Structure formats: structure tokens, C-alpha cells
There are 2 protein chains.
Amino acid sequence: MNKETEDVQRNERPTRALDAFDRKILRSLVEDARLSYAEMGEAAGLSAPAVHERVKRLRASGALKGMQATLDGAQVGKPFLAFVHVDADGWGKSQRMIRLKEFPEVEEMHSVAGDTCVILKVRTASAHAMEQFLSQLYVLPGVRGTKSYVVLSTYLERPVQADVTHDWPQVPLPPE
Amino acid sequence: MNKETEDVQRNERPTRALDAFDRKILRSLVEDARLSYAEMGEAAGLSAPAVHERVKRLRASGALKGMQATLDGAQVGKPFLAFVHVDADGWGKSQRMIRLKEFPEVEEMHSVAGDTCVILKVRTASAHAMEQFLSQLYVLPGVRGTKSYVVLSTYLERPVQADVTHDWPQVPLPPE
DNA sequence: CCTGAAACCTCCGATTA
DNA sequence: TAATCGGAGGTTTCAGG
């Protein structure tokens, strides 16, 4: 087996730091994942094959997890969005909550520090479907209670940004 | 209409319901946004040009908002994630919070029903950067207080799913 | 990392059901 | 209205340097 090409994968360190080229490529791809390698290369100052090689490396390293379509929840039949705080009894049990990923309604699931154990982001077709989902939640062992925050308006929803060197925006103080 | 508010509520168009072809195409694109039209067509049972035409239509209708790269927060230098509940004084003022989108740290911003006004999803390089961000938050007029939920583990994080006809997964009932 | 080239894909117009 | 076919031009992904 050829070892020359295995450098990145066999690296002892978790990940080599991204350089400026990588960051520019990632920034382009976060904006539009269907850009051609030539277009990314133009923005980054590289040839298309060089970009292609870097994208493969970024994928292999895990920094680039994938490229996904972003859908409009309302227009694909899921206009109802809520954040659900779940209080659970024990942490051994929480492993079972991983089964929640079998519900396509559940988009995110994080364990958190604070006055709740787990935060879910759940998108359903209706309030009724949300109610059904919540009833399924209580079937899980150790689930003590839930508190739901129904989303009224979404003002911003975007993927992880690949910052360049980032200056803090100055939030302007209103003259009043 | 200014650009900010246009982003929130641009939903109007003679939108026809999605058919089975559209849903299959969207499902493919949510899995991998860089599939060729030929590959999508193979999964959907259409020719490449037909798929291309439908993707253009789905884009125009807004059901398909875009294609984005999904990055690993930790590996692009933002290992610190939190959900921030913001209590605000008035709703007229909340329009001003839209400026928060200038912070690349802010990934989501929703107004919600419940015991808080706004939920933010914020990803930063460190606890210190989060503190800095929160201090900027309090500069906004009308911000009364915040409550942060620091994410300990992320078990699931994925885009809006384009369901086919969906059967509810059976969560196994424990014997009681 | 670059250039070059073969295979593949995109995307147009024309045609057809 | 929406699908398919054909083909010109652009893209991907190899080489080799």
C-alpha cells in the first residue's frame, strides 16, 4: 500500500491547522456548495486541481463534514418549529435518547449545562404532530419533564461560518 | 422593503405542492449537495435535464434555499457552543437585534413563545469570546437579561429533512 | 503546486407525449 | 406543461513535471 498519500490520515495530531487557502475554500463552500473547483480556486488563488485536492483533505480530516441542501421548513411541509428542553433523571438513561435521531423531526440534540439536561430542535408539520412527538418523548425512561419554546419567527438560520481573521462588528448605539 | 425584513418573510410565489420527484431530489441533495444531476435522476427516475429543470424550479420557489458546506465547529476554531435566551423589553426594539447577524458567531436567531423572547445559537472560539459576545448583547437597547445554556455534547445536528411518507419510529416501551 | 488532456457533466434548444 | 434527446462548452480528475 502506498504510504505517501496517507500522510494526513495517519497524522498523530488531531488535525493540522487550516491555512489561509483552506479557510478561503471553506468560506466559498459555506456560501455555495455547488461552486466549481475553478471558481473556488479563483477566489482562493489556486488552480482547480489544487482546490480539489484540498477539499478532499478537508473532508478526510473531518473539518468539512459534508455538503447539504438547505430547505425551507414551511415549504417542505414542516412549518412548526420548537426548541424543547428535556429534564432527565439520570445520565445513563440519556444514552437511550440517541434513538431520537430516528425521528426526522429532530434536527438537533445537545446535552447542556444549566437548568435543563438536553435541548432538542424539533420541526414538525403541525402543533398536533409536535404533541405526538412530545408524547413519544415521555415514553423514554428517565424523562422527567419538558419545556417547549415555540418559534414565532426565524430571523437567522445559517451554517457554521468559517471565519477569516474576524473583527468584532461594532453594534451601533442608537442616539436616544 | 429593506433587505433585512425581506429575508424574514420572502415566501410568496405561486408555489405548487411538491410531488414525489421533487421530494426524492431534495432528499438526495440534503444527503449530498454535490451529486450530479445524472445521479439524482437515477435515484428519482428522471433524466438529468429533467432533474436540472426541477432543481431550478425548487430554487426559484424557495423550497430549496441553497447548498452549503457543513463544517466541524471545533476544527474550524469554534469549539464553544451555547444557546442564549434573551429577555427583551419591547418588540419594536427587537428589530434592532437583526444586526446580530453581523456577528458570524450567531448562527440562529428566533423569537419564541415562552418565558423568554429570543433564542440565539452562538458558536465561539472560547468561553472568553462568548463572554465578549454577551457583553455586546447588553449594549442593544431593550435587552433586559440573558440566560445561557452551554453545550456539553452535540449528539445530533442536521439540516431540515425532506420526509417521504414518514412512519413514526417505535420507541420501545419499557415494561411497567 | 502547476499544466494538459480524457471523460464526464451541465445546460441549452429542439422535439415529443 | 413537462419529459427526453443531442451536442457544444465547461468541469472533474487523472497524469506528469
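Being a predicted model, the structure only gives us computed values, none of them experimental.

Asker: Is there a simple way to think about the overall build of chain A in this case?
Answerer: Across its full length, chain A carries five helices and five strands. In sequence order, the secondary structure elements of chain A are arranged as α-α-α-β-β-α-β-β-α-β. Burial status across chain A gives 45% buried among its 176 residues. Pairs at least 24 residues apart make up 65% of the contacts formed inside chain A by residues separated by at least 6 positions. Element-wise, carbon and sulfur atoms account for 50% of the exposed surface of chain A, whose accessible area totals about 9,100 Å².

Asker: Help me understand the protein's contact with DNA strand C, please; the structure alone is not making it clear to me.
Answerer: In the region of DNA strand C, the neighbouring residues are Arg-34, Leu-46, Ser-47, Pro-49, Ala-50 and Arg-54 of chain A together with Ser-36, Tyr-37, Ala-38, Pro-49, His-52 and Lys-56 of chain B. Among atoms of DNA strand C positioned within 4 Å of the protein, sugar and phosphate together represent 81%. Within the side chain of Arg-54 of chain A, one N or O atom sits 2.6 Å away from a phosphate oxygen of DNA strand C. In the environment of DNA strand C, a phosphate oxygen lies 3.0 Å from a nitrogen or oxygen atom belonging to the backbone of Tyr-37 of chain B. Elements represented by at least two residues in the surface near DNA strand C include exactly helix H3 (48-61) of chain A together with helix H3 (37-44) and helix H4 (48-61) of chain B. Each residue belonging to the surface near DNA strand C can be placed in one class, and the counts come to six nonpolar, three polar and three charged.

Asker: Is there a simple way to think about the packing of H3 of chain B against H4 of chain B in this case?
Answerer: If you want to describe how two helices pack, look at the angle between their axes and the distance between the axes. Residues and elements named next belong to chain B. Packing of H3 against H4 leaves a shortest axis separation of 8 Å and a crossing angle of 95°. On the basis of their axis angle, the class for H3 and H4 is roughly perpendicular. Where H3 abuts H4, its residues Tyr-37, Ala-38, Met-40 and Gly-41 lie against Ala-48, Val-51, His-52 and Val-55. Of the residues that constitute the contact of H3 with H4, the class distribution is six nonpolar, two polar and no charged.

Asker: Could you clarify how one ought to interpret the nonpolar core in this entry?
Answerer: In summary, soluble globular proteins display a tendency toward joint burial of nonpolar side chains. Grouped together as the largest cluster of nonpolar side chains are 40 residues, with contacts concentrated most on Leu-64 and Leu-71 of chain A together with Leu-64 and Leu-71 of chain B. Of all elements in the fold, only helix H1 (20-31), helix H2 (37-44), H3 and strand E1 (64-71) of chain A together with helix H2 (20-31), H3, H4 and strand E1 (64-71) of chain B reach the threshold of two or more residues within this core. Among the nonpolar cores identified, the runner-up in size contains 22 residues, and Tyr-155 of chain A together with Ala-82, Val-84 and Phe-103 of chain B belong to it.

Asker: I keep staring at the domain arrangement of chain A and nothing clicks. Help me out?
Answerer: Interfaces are often sized by the accessible area lost when the parts come together. Domain annotation for chain A reports domain 1 (20-61) and domain 2 (80-150). Here the C-alpha centre of domain 2 of chain A lies 37 Å away from the C-alpha centre of domain 1 of chain A.

Asker: Hey, could you run me through the pattern of salt bridges in this one?
Answerer: Pairs can form between side chains of opposite charge once their charged atoms are near each other. Scanning the model with the defined rule gives 26 salt bridges over all chains in all. We note a salt bridge from Lys-121 of chain A to Glu-157 of chain A, for which the minimum N-O separation is 2.7 Å. Here Lys-121 of chain A, found in strand E4 (residues 118-124), pairs with Glu-157 of chain A, found in strand E5 (residues 143-157); they are 36 residues apart in sequence, far enough to count as distant. With relative accessibility at 28%, the residue Glu-157 of chain A sits in the partly exposed group. Asp-22 of chain B is the partner of Arg-54 of chain B in a salt bridge, and the nearest nitrogen-oxygen pair spans 2.9 Å. Of the two residues, Arg-54 of chain B sits in helix H4 while Asp-22 of chain B sits in helix H2, which places them 32 residues apart along the sequence. Given a relative accessible area of 14%, Arg-54 of chain B falls into the buried group. On the basis of relative accessibility, which here comes to 3%, the residue Asp-22 of chain B falls in the buried class.

What counts, and where the lines are drawn
Residues numbered from 1 in each chain as written. Chains lettered and ligands numbered in written order. Predicted model: local features only at pLDDT ≥ 70, side-chain atom pairs only at ≥ 80, totals over all residues. Heavy atoms only, no water. Helix = DSSP H or I, 4+ residues; strand = E, 2+ residues; numbered from the N terminus. Buried < 20%, exposed > 50% of the residue type's maximum accessible area, 1.4 Å probe, protein only. Contact = heavy atoms within 4.5 Å. Areas by Shrake-Rupley, 256 points an atom, 1.4 Å probe, with all protein chains shown as cover. Near = heavy atom within 4 Å. Polar contact = N/O pair within 3.5 Å; in protein donor to acceptor, adjacent residues only side chain to side chain. Nonpolar A, V, L, I, M, F, W, Y, C, P; charged D, E, K, R; others polar. Axes fitted to C-alpha atoms, helices over the stretch in contact; angles between N-to-C directions. Parallel < 35°, antiparallel > 145°, perpendicular 65-115°, else oblique. Core = buried A, V, L, I, M, F, W, Y, C linked by side-chain atoms within 4.5 Å. Domains from an automatic or database assignment. Salt bridge = Lys/Arg side-chain N within 4 Å of Asp/Glu carboxyl O.

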